[in-house]
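Descriptive analysis of the structure
Here is what each chain is made of, one letter per residue.
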Amino acid sequence: MIGDERQDRSDETLDPQDWTELRAQGHRMLDDMLDYLAHLRERPVWQAMPATARARFHDDLPHEPADLEAVYRDFQELILPYSAGNAHPGFMGWVQGGGNAAGMLAEMLAATVNSNCGGRDHAALEVERQIGVWARQMVGFPDTASGIFVTGASMANFIALIVARTATLGVESRRTGIAASGKSLTAYVSAAAHGCVRQAMELAGFGSDALRMIPTDAGQRIRVDALADAVAADKRAGHTPFLVVGNAGTVDIGAIDDLDGLAGFAKEARLWFHVDGALGALAVLSPALKPRFSGIERADSIAFDFHKFGQVPYDAGFILVRDSEVHRAAFASPASYLRREARGLAGGSPWPCDFGPDLSRGFRALKTWFTIKVHGGDRLGAEIERLCALAVSLKSRVEAEPRLELLAPVALNIVCFRYRGPDPDRLNADIVAELQERGIVAPSTTTVDGKLAIRACLVNHRIRQCDIDTLIDGVLAVGAELAGVSDAVE
Ligand SMILES: Cc1ncc(COP(=O)(O)O)c(C=O)c1O
């Protein structure tokens, strides 16, 4: 009996027997998603997930099948309304892109082909190599450069650090480890750097004590003179300085380090020069903004994210290394089951898995390829420029309001400010939480010079001037409400 049943099911797969119903359901889902994007503005930017909805995710493993339609209903009811909202024009928190419809459709195509982009000889890798060429052209890297997609800039910065480590200690160090070198390697970054640089030092086995946090100037840019002092002091103390990380847009205020100055110093001091361009590097697509990043083309490696200013749906981080041989030497790990051939599907070496720690990799390149081709690099650059102009407009509104205080210079697309009132740290944290919970607008917070700031980071291409006005009006109204004063401007 059991044997008979097995016999009966031997040709069954997970594909439907009849595609008609699935096709109709798929069309409904696609239409709904396009409607969702077209009418995003009418929704709250965010709403907390009620306990009843959360409880629905505590189910036991389902053993029986369910209709796609029923699962989709759950998605509509339990997931869609409670997304983080970063596609919404009112979202200005953290550093998050809004995605775009062309990229969203490309995701469906990529999932259909289901490419594994770790290696082998197929078109998906040519798409990824094409993005590598475009990335090189954007930042002015030579043809010898290599690049691959990764989850995000956190991973890209980590990879850069590993490449710098191997370049400094030699390929042999991959086998012998750091300790065998007998060297105490030290790295340098500004005190305003993103925490993932510190974490990369920890993950790479150096320990974060080996990362020197260099003081910044009033604009939160690294002080190259202080960097030089720190490197000299470390050399005197017997350490081996090996890496300096420059910021092309710091996470708190968007500060851009003197990348030319850093490139010159790194060359002189024989340090690997890496640029963390997660936040800002894609602004080089704007001819007006590009000069601010002068020197980026002299870096040894650059980490950046297409999912931020590039508006590619998550995730789409990228690591670019000037010298592909050095890049490959840090990761390539020959194995018999990954043998390369001159012909057939195992051709096309080198493979992306030779340039990073991932073997199985999704087709991130396709949504990026669609986004860049559909909109064009100039248009994407113009969007970034528009967002930076909106930041200037927000700054002006802050400066014009006596109840508001600007807390940091506006270098790119981030405005840090606060509402003046009693216990300002608590008050401003509450203002931000209220604005989020009322679904009006979603900035985030950070600390600038020890003061809690409302931080508006304009990355999402759907943000317009009216959203900036909503933010200011919201902060003033909620601030007055919480501080217990009239919101009439004195
Ligand atoms: C300057 C900077 N570096 C690194 C990162 C990390 O990027 P990801 O979130 O893509 O890993 C961020 C994220 O906002 C950032 O702003």
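As the structure is a prediction and not an experimental result, all values here were calculated from the model. (Residues numbered from 1 in each chain as written. Predicted model: local features only at pLDDT ≥ 70, side-chain atom pairs only at ≥ 80, totals over all residues.)

The number of helices and strands found in the protein is 16 helices and 11 strands. A total of 490 residues make up the protein; the buried ones form 43% of that total. A separation of at least 24 residues holds for 74% of the contacts in the protein among residues at least 6 apart in sequence. (Helix = DSSP H or I, 4+ residues; strand = E, 2+ residues; numbered from the N terminus. Buried ≥ 20, exposed ≤ 12 C-beta atoms within 10 Å, placed from the backbone. Contact = placed C-beta atoms within 7 Å.)

Another point: the nonpolar core. Ranked by internal contacts, the top residues of the largest apolar core, which has 130 residues, are Leu243, Ala281, Ile296, Ile319 and Ala391. Ranked by residue count, the leading element in this core is helix α7 (residues 153-169), at 11 residues. Discounting residues that sit within four places of it in the chain, isoleucine 319 has contacts with Gly147, Ile148, Val150, Ala156, Ile159, Ala160, Ser301 and Ala303. (Core = buried A, V, L, I, M, F, W, Y, C linked by C-beta atoms within 7 Å.)

Counting buried positions over the 7 residues of strand β11 (residues 451-457) gives 5, a clear majority of the element. Alignment of strand β9 (residues 414-419) against β11, held across 4 bridges, turns out to be antiparallel. Across the sheet, isoleucine 414 pairs through a bridge with cysteine 457, a residue of β11. As consecutive antiparallel partners, strand β10 (residues 444-448) and β11 are separated by 2 residues, and within that stretch aspartate 449 has a phi angle of approximately 50°, a positive value. (Pairing = 2+ DSSP bridges.)

With mixed pairing, the 7 strands of this open sheet are ordered in space as β1-β7-β6-β5-β4-β2-β3. The open sheet has two free edges, formed respectively by β1 (146-150) and β3 (211-214), since each of these has just one partner strand. Averaged over all pairs of adjacent strands, the angle between strand axes in this sheet comes to 20°, irrespective of strand direction. Bridge count between β1 and strand β7 (residues 317-321): 5 bridges; the pairing is antiparallel. (Axes fitted to C-alpha atoms, helices over the stretch in contact; angles between N-to-C directions.)

On to the site of the ligand, then. Around the ligand, a shell composed of 14 residues is seen, among which Gly152, Ala153, Ser154, His194 and Ala278 lie nearest. Residues of the shell around the ligand, tallied by class, amount to 6 nonpolar, 6 polar and 2 charged. (Near = placed C-beta within 6 Å. Nonpolar A, V, L, I, M, F, W, Y, C, P; charged D, E, K, R; others polar.)

Bringing helix α15 (residues 424-437) into the picture now. The end-to-end C-alpha distance of α15, which contains 14 residues, comes to 19 Å, matching closely the 20 Å that a straight helix rising 1.5 Å per residue would cover. Where α15 is buried, its residues meet β9, β10, β11 and α16 (465-483). Directly beyond the C-terminal end of α15, a positive phi value near 70° is found at glycine 439. (Expected span 1.5 Å × (residues − 1).)

Turning to helix α14 (residues 377-400), a few remarks are in order. With 24 residues, α14 should reach 34 Å at 1.5 Å per residue; the first-to-last C-alpha distance of 35 Å fits that figure. On its buried side, α14 packs onto α13 (364-375), β8 (404-406), β9, β11 and α16.

Attention now moves to the packing of α7 against helix α12 (residues 324-331). Interhelical geometry of α7 versus α12 gives an angle of 95° and a closest axis separation of 9 Å. One finds that α7 runs roughly perpendicular with respect to α12. Facing Ile162, Val163, Thr166 and Ala167 of α7, the residues of α12 in contact are Val326, His327, Ala329 and Ala330. Grouping the amino acids of the contact of α7 with α12 by side-chain chemistry returns 6 nonpolar, 2 polar and no charged. (Parallel < 35°, antiparallel > 145°, perpendicular 65-115°, else oblique.)

What follows covers the sheet that holds β8. Think of a sheet as strands paired side by side through backbone hydrogen bonds, with each pair either parallel or antiparallel. With respect to topology, 4 strands assemble into an open sheet ordered β8-β9-β11-β10, the strand pairing being antiparallel. Of all strands in the sheet, those with a lone pairing partner are β8 and β10, marking the two edges. Averaged over all adjacent pairs, the angle separating strand axes in this sheet is 45°, with direction ignored. In this sheet, β9 lies alongside β8 in antiparallel orientation, the contact comprising 3 bridges. Counted as the bridge partner of leucine 404 is tyrosine 419 from β9. In the packing of α14 onto the sheet, the strands contacted are β8, β9 and β11, and the crossing angle to β9 comes to about 20°.

The next subject is the confidence of the model for the protein. Across the protein, pLDDT averages 96, with 98% of residues at or above 70. Ranking the elements of the protein by mean pLDDT puts helix α1 (residues 2-9) last, at 58, and strand β5 (residues 272-276) first, at 99. (pLDDT = per-residue confidence, 0-100.)

Turning to the packing of helix α10 (residues 224-236) against helix α11 (residues 259-269), a few remarks are in order. Where α10 contacts α11, the axes come no closer than 11 Å and their chain directions differ by 20°. The angle between α10 and α11 places the two elements in the roughly parallel class. Once α10 is placed against α11, the crossing between them reads as right-handed. Residue-level inspection shows Val224, Leu227, Ala228 and Val231 of α10 in contact with α11, the latter providing Gly261, Leu262, Phe265 and Ala269. Residue composition of the contact of α10 with α11, by class: 7 nonpolar, 1 polar and no charged. (Left-handed = near helix turned anticlockwise from the far one by under 90°.)

Moving on, we get to the environment of glycine 182. Tracing the sequence through the fold places glycine 182 in the loop between α8 (173-176) and β2 (185-190). C-alpha of glycine 182 to C-alpha of proline 313: the two residues are 131 residues apart in sequence and 44 Å apart in space.

Another point: the pairing of strand β6 (residues 301-305). Of all 5 residues in β6, 5 are buried, a share of seventy percent or more. Here 3 bridges tie β5 to β6, and the two strands are oriented parallel to one another. Bridge assignment links aspartate 276 to a residue of β6, and that residue is alanine 303.

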